[in-house]
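Here is how the chains run, residue by residue.
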Amino acid sequence: MRMEPILVITILGGLILLLLFIGAPFKPLKFLGQGVIKILIGALFLFFLNAFGGQFGLYVPINLATTAVSGFLGLPGVFALAAIQTWIL
């Protein structure tokens, strides 16, 4: 049995369209889920900073802005927030 090129192209095009329509709703949810996880990790970083930094008089408030900075930037973001709190505020 020989498959015609038009049939192969039609099947592949249909599969691509199907994957585009089925896969599209999951990508924003995946991006949103990764963002929420990073914010939770940032809040955890700030909690430990406040727990151990309290002995040295260092306190960084835990709110959405500081958790976003520490979550998306990681430990350099936590150190930057601690430096801002120490020398600027």
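Residues numbered from 1 in each chain as written. Predicted model: local features only at pLDDT ≥ 70, side-chain atom pairs only at ≥ 80, totals over all residues. Heavy atoms only, no water.

Section: the nonpolar core
Phase 1: Within the largest apolar cluster, seven residues are counted, these being Leu46, Leu49, Leu58, Val60, Val78, Leu81 and Ala82.
Phase 2: Elements represented by at least two residues in this core include exactly helix 2 (26-53) and helix 4 (75-88).
Phase 3: Ranked by the residues each element gives to this core, the list is headed by helix 4, at three residues.
Phase 4: If we ignore the near neighbours within four places in the chain, the residues touching Val78 are Phe45, Leu49 and Ser70. (Core = buried A, V, L, I, M, F, W, Y, C linked by side-chain atoms within 4.5 Å. Buried < 20%, exposed > 50% of the residue type's maximum accessible area, 1.4 Å probe, protein only. Helix = DSSP H or I, 4+ residues; strand = E, 2+ residues; numbered from the N terminus. Contact = heavy atoms within 4.5 Å.)

Quick word on the packing of aromatic side chains
Phase 1: The full count for this structure, using the stated rule, is two aromatic pairs.
Phase 2: On the numbers, 5.6 Å between centres and 65 degrees between planes, the contact of Phe47 with Phe48 is edge-to-face.
Phase 3: For Phe48, a relative accessible area of 39% translates into the label partly exposed.
Phase 4: Pairing Phe48 with Phe52 gives two aromatic rings, centres 6.3 Å apart and planes at 15 degrees, and the pair type is stacked. Taken together, the residues Phe48 and Phe52, both in helix 2 and four residues apart, mark about one turn of the helix. (Phe/Tyr/Trp six-rings, centres within 6.5 Å; stacked < 30°, edge-to-face > 60°.)

Examining the environment of Thr66
Phase 1: If you trace the backbone, Thr66 turns up in helix 3 (residues 64-73).
Phase 2: By relative accessible area, which is 12% here, Thr66 ends up buried.
Phase 3: On a C-alpha basis, the gap between Thr66 and Leu40 in space is 11 Å, while along the polypeptide they are 26 residues apart.
Phase 4: Discounting residues that sit within four places of it in the chain, Thr66 has contacts with Leu46, Val60, Pro61 and Leu81.

Considerations on helix 3
Helical geometry: 3.6 residues make up each α-helical turn, so side chains three or four residues apart lie on a common side.
Phase 1: Taken together, the buried positions of helix 3 are occupied by Thr66, Thr67, Ser70 and Gly71. Axial view of helix 3: buried residues confined to an arc of 125 degrees, hence all on one face. Residues of helix 3 that are exposed and point over 90 degrees away from its buried face: Leu64, Ala65 and Leu73.
Phase 2: Taken together, the buried residues of helix 3 touch helix 2 and helix 4.
Phase 3: Between a side-chain oxygen at the N-terminus of helix 3 and the backbone nitrogen of Ala65 the separation is 3.3 Å; the capping residue is Asn63.
Phase 4: Phi turns positive, to about 80 degrees, at Gly74, one or two residues after helix 3. (Arc of directions from axis to C-beta. Polar contact = N/O pair within 3.5 Å; in protein donor to acceptor, adjacent residues only side chain to side chain.)

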